[in-house]
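Survey of secondary and tertiary structure
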Amino acid sequence: MLRGWAPPSLLDSYEAERVAAARENLEVTTATMDFLVPRSPERRARRQQVLDRAVDDAAARSQIDSGRLYESFWYVDSPLTTPDPSRPWPGRPPRGAPPAPVPGVIVPDSAVHGTPGDAASPGSRLRALVRGRLSVLADAPGTAARALAVLRRTLPPQVPLAALDLSSLPGGDPVRAGLAWEPGDLWLVRPDAHTAARVRSEDELVVAATRVLGGSEP
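Reference entry: report on the structure contained in this document.

Digging into the overall build of the protein chain
- What the protein chain contains, in helices and strands, is seven helices and six strands.
- Ordering the α and β elements of the protein chain from the N terminus gives α-α-α-β-β-α-β-α-β-α-β-β-α.
- For the protein chain, the proportion of its 218 residues judged to be buried stands at 38%.
- Across the protein chain, contacts joining residues at least 24 apart in sequence account for 62% of those joining residues at least 6 apart.
- Looking at the protein chain as shown, the accessible area adds up to about 11800 Å², and 56% of this sits on carbon and sulfur atoms.

Re the nonpolar core
- In this structure, Leu 134, Leu 151, Leu 188 and Leu 205 are the most contacted members of the largest nonpolar core, which totals 22 residues.
- The set of elements that each furnish at least two residues to this core consists of β3 (134-138), α5 (141-154), β5 (186-189), β6 (195-199) and α7 (202-212).
- Sequence-distant contacts of Leu 134, that is, excluding residues within four places in its chain, are made with Leu 155, Val 159, Pro 160, Leu 161, Ala 162, Leu 188, Val 189, Arg 190, Pro 191, Ala 209 and Val 212.
- Listed in part, the 20 residues of the second largest apolar core include Leu 126, Leu 169, Leu 179 and Val 189.

What to know about the side chain of Arg 198
- Here Arg 198 shows up in strand β6.
- Judged by relative accessible area, Arg 198 falls into the buried class, the value being 9%.
- Within the structure, the side chain of Arg 198 is placed 3.3 Å from the side chain of Ser 86, a separation counted as a polar contact.
- Among the polar contacts made by the side chain of Arg 198, one reaches the side chain of Glu 182 at a distance of 3.0 Å.
- Filtering out sequence-adjacent residues up to four positions away, Arg 198 remains in contact with Asp 84, Ser 86, Arg 87, Pro 103, Glu 182, Asp 185, Leu 186 and Trp 187.

Description of the pattern of salt bridges
- Within the structure shown, the criterion is met by nine salt bridges.
- Of the charged contacts in the structure, one is a salt bridge between Arg 198 and Asp 84, with a shortest N-O distance of 2.6 Å. In this pair, Arg 198 is assigned in strand β6 and Asp 84 in the loop between α3 (58-61) and β1 (111-112), connecting sequence segments 114 residues apart.
- Ionic pairing is found between Arg 190 and Asp 192, a salt bridge with its closest N-O pair at 2.7 Å.
- Residue class for Arg 190 comes out buried when judged on its relative accessible area of 7%.
- The exposure class of Asp 192 is partly exposed, given its relative accessible area of 24%.

Quick notes on the sheet that holds β6
- The sheet built from four strands is open, its strands ordered β4-β3-β5-β6 with mixed pairing. The two strands at the open ends of the sheet, each matched to only one other strand, are β4 (161-165) and β6. Strand-to-strand twist across the sheet, computed as the mean angle between neighbouring axes with direction ignored, equals 20°.
- Of the pairings in the sheet, the one linking β5 to β6 comprises four bridges and is antiparallel in character.

Conventions we followed
Residues numbered from 1 in each chain as written. Predicted model: local features only at pLDDT ≥ 70, side-chain atom pairs only at ≥ 80, totals over all residues. Heavy atoms only, no water. Helix = DSSP H or I, 4+ residues; strand = E, 2+ residues; numbered from the N terminus. Buried < 20%, exposed > 50% of the residue type's maximum accessible area, 1.4 Å probe, protein only. Contact = heavy atoms within 4.5 Å. Areas by Shrake-Rupley, 256 points an atom, 1.4 Å probe, with all protein chains shown as cover. Core = buried A, V, L, I, M, F, W, Y, C linked by side-chain atoms within 4.5 Å. Polar contact = N/O pair within 3.5 Å; in protein donor to acceptor, adjacent residues only side chain to side chain. Salt bridge = Lys/Arg side-chain N within 4 Å of Asp/Glu carboxyl O. Pairing = 2+ DSSP bridges. Axes fitted to C-alpha atoms, helices over the stretch in contact; angles between N-to-C directions.

Read these as geometric descriptors, not functional statements.
If you want it as structure tokens, here you go:
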């Protein structure tokens, strides 16, 4: 907002996103601390039982901690996220499993290697590449170029934009697999590397991009 990317209304989304993230963080850390520092004889006894079983039982090991402390919060309910009716959020995945490929989750990370004309450089990772800009992931050079052009015509000129053609970007296949890519998909990625929308047309892309920046439908 300070750089002219978005209107002041973008600030209204901050509380919605971060309060939800804080609540989840409290739930995860509370459950972890309850196990590490049990506050009753019953909880201490349960912890000891779990630790004893975990020596030989892999299922018991999953009860020692939530496995969530290292995960990013997923903005599936954010006002900046455009829901995909064909891919409703099924909830948190089992421990260690990737999230469902729905708008709001962080983009799958992958080593990508640039070639002349690409935005990527050798040794880049996708999440690092998209940070700090509004990015479109496409599956054909022409599709990527058209998506970038329509956003440049529509959004404020100060907004940094990028469009990546995963079909010609080495390392793109794992990203498409992680997003359960379908022909014709366009994925919009926020500057913090979270996906914001999965759309099927340039008009839908413009609406989703405007929403990400805290604006109303153009």
